[in-house]
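Residue-level listing of the chains:
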Amino acid sequence: MEEKFQPDVIIIGTGLAGLTAAMEITNAGKKVLLLDQETEQNIGGQAFWSFGGLFLVNSPQQRKLGIKDSYELALQDWKGTAGFDREEDYWPGKWAEAYLKFAAYEKYAYVSKLGIKFMFMVGWAERGDGSATGHGNSVPRFHVSWGTGTGVVKPFVDKAYEAEKKGLLQMKFRHRVTDLIIENNKAKGVKGDILENDDKERGAETNRNVISRFEYHASHVIIASGGIGANHELVRKN
Ligand SMILES: Cc1cc2nc3c(=O)[nH]c(=O)nc-3n(C[C@H](O)[C@H](O)[C@H](O)COP(=O)(O)OP(=O)(O)OC[C@H]3O[C@@H](n4cnc5c(N)ncnc54)[C@H](O)[C@@H]3O)c2cc1C
């Protein structure tokens, strides 16, 4: 990183979550340092390999197929599975409501603006028991994007490189975050290992040879280090 580049936000992870956060923050004119333990070949993370099925509620594709869907029905379906009936379910419940509002009212326009297109039919993933009062999706909501996972990832990767050219984003690969720097209960930076570079193709296992250490500071830190199969050591430690 050039010494003069002082990020407003550090994001851990160049998967779809990290790239989306970076896009939003750099669009707002703020500077982002994006770190990932993997090589640049792996930019986009799991989403590159995914089926690229996007969850949308009351989309044009659903309406064309005569599928009647709504925010209210999707929330009922989600509650049918998750329950949200314990005290500790408060924030997951709020997250579900916010995500469903996004999926019902904003997401189609958001991804369309990025150039993501969909196949005409809508799939029925996480179908559950097929009723509106049981668990799972009571109607089809799985919209397969053109190009599947690669089609979803591409615009976000392109935006990252554009932001890098504008000087708003720096990406550092082979930077494995091992610690958050906490001051007054707030994450104010990260520390970790610099791993030896590796020229293996995307998806192949890379080495874990530590060649140096790093430490970066910013007023905000976002952890976007993945879900399925991801290392949650960072979250557990902090
Ligand atoms: C085969 C397959 C098919 C799928 N199909 C679908 C689908 O059709 N629809 C759907 O909605 N979802 C699907 N998914 C799930 C979806 O792809 C993932 O949930 C999503 O891509 C996760 O994105 P992410 O950015 O949160 O995490 P990831 O893509 O896992 O990215 C996390 C990044 O963080 C980095 N990282 C982790 N720890 C550290 C650390 N300590 N320091 C630095 N970097 C770190 C990792 O190297 C990685 O690059 C599928 C997944 C797979 C594998």
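Residues numbered from 1 in each chain as written. Predicted model: local features only at pLDDT ≥ 70, side-chain atom pairs only at ≥ 80, totals over all residues. Heavy atoms only, no water.

If you check an unreviewed UniProt entry, the protein appears there as Putative oxidoreductase from Chryseobacterium shigense.

S.K.: Could you clarify how one ought to interpret the site of the ligand in this entry?
M.R.: Close contacts around the ligand come from 23 residues, with A17, D36, Q46, G53 and V177 the closest. At 3.1 Å from an oxygen atom of the ligand is found a main-chain nitrogen or oxygen belonging to L16. In the environment of the ligand, an oxygen atom lies 2.6 Å from a nitrogen or oxygen atom belonging to the side chain of D36. Considered on its own, the ligand offers 1000 Å² of accessible surface; in the complex 70% of this is hidden by protein. Looking at the shell around the ligand, the elements with two or more residues in it are α1 (16-27) and β7 (175-183). Of the residues assigned to the shell around the ligand, the class counts are nine nonpolar, 11 polar and three charged. (Near = heavy atom within 4 Å. Polar contact = N/O pair within 3.5 Å; in protein donor to acceptor, adjacent residues only side chain to side chain. Areas by Shrake-Rupley, 256 points an atom, 1.4 Å probe, with all protein chains shown as cover. Helix = DSSP H or I, 4+ residues; strand = E, 2+ residues; numbered from the N terminus. Nonpolar A, V, L, I, M, F, W, Y, C, P; charged D, E, K, R; others polar.)

S.K.: Can you help me understand the pattern of salt bridges in this one?
M.R.: Pairing of side chains with opposite charge becomes possible as their charged atoms draw close. As enumerated under the stated definition, the model contains 11 salt bridges in all. Linking R141 and D69 is a salt bridge whose minimum nitrogen-to-oxygen distance equals 2.8 Å. Here the residue R141 occupies a position in the loop between β4 (118-123) and β5 (142-145), and D69 occupies one in the loop between α2 (60-64) and α3 (71-82), the gap between them amounting to 72 residues. Measuring nitrogen to oxygen at the nearest pair gives 2.8 Å for the salt bridge that ties R176 to D193. Of the two residues, R176 is situated in strand β7 and D193 in strand β8 (residues 186-195); the sequence distance between them amounts to 17 residues. Bridged by salt links that share partners, the residues E38, R174 and R208 form one connected network. (Salt bridge = Lys/Arg side-chain N within 4 Å of Asp/Glu carboxyl O.)

S.K.: Sorry, what's going on with the sheet that holds strand β3 (residues 53-55) here?
M.R.: Two strands in a sheet stick together by hydrogen bonds in their backbones, pointing the same way (parallel) or opposite ways (antiparallel). Read across the sheet, three strands follow the order β3-β5-β4 without closing on themselves; strand pairing throughout is antiparallel. Two strands close off the open sheet at either side, each with one partner strand: β3 and β4. Sheet twist, expressed as the mean angle between neighbouring strand axes with direction ignored, is 35 degrees. Bridge count between β4 and β5: three bridges; the pairing is antiparallel. Counted as the bridge partner of F118 is S145 from β5. (Pairing = 2+ DSSP bridges. Axes fitted to C-alpha atoms, helices over the stretch in contact; angles between N-to-C directions.)

S.K.: What is the right way to look at the packing of α3 against helix α4 (residues 90-113) in this model?
M.R.: Between two packed helices, both the angle of their axes relative to each other and the distance between the axes serve to describe the pair. Two elements in contact, α3 and α4, have axes whose closest approach is 10 Å; the angle formed by their N-to-C orientations is 145 degrees. Pair α3 / α4 crosses with right-handed handedness. Of α4, the residues touching α3 (which contributes Y71, A74, L75 and W78) are W95, A96, E97, Y99, L100, K101, A104 and Y105. (Left-handed = near helix turned anticlockwise from the far one by under 90°. Contact = heavy atoms within 4.5 Å.)

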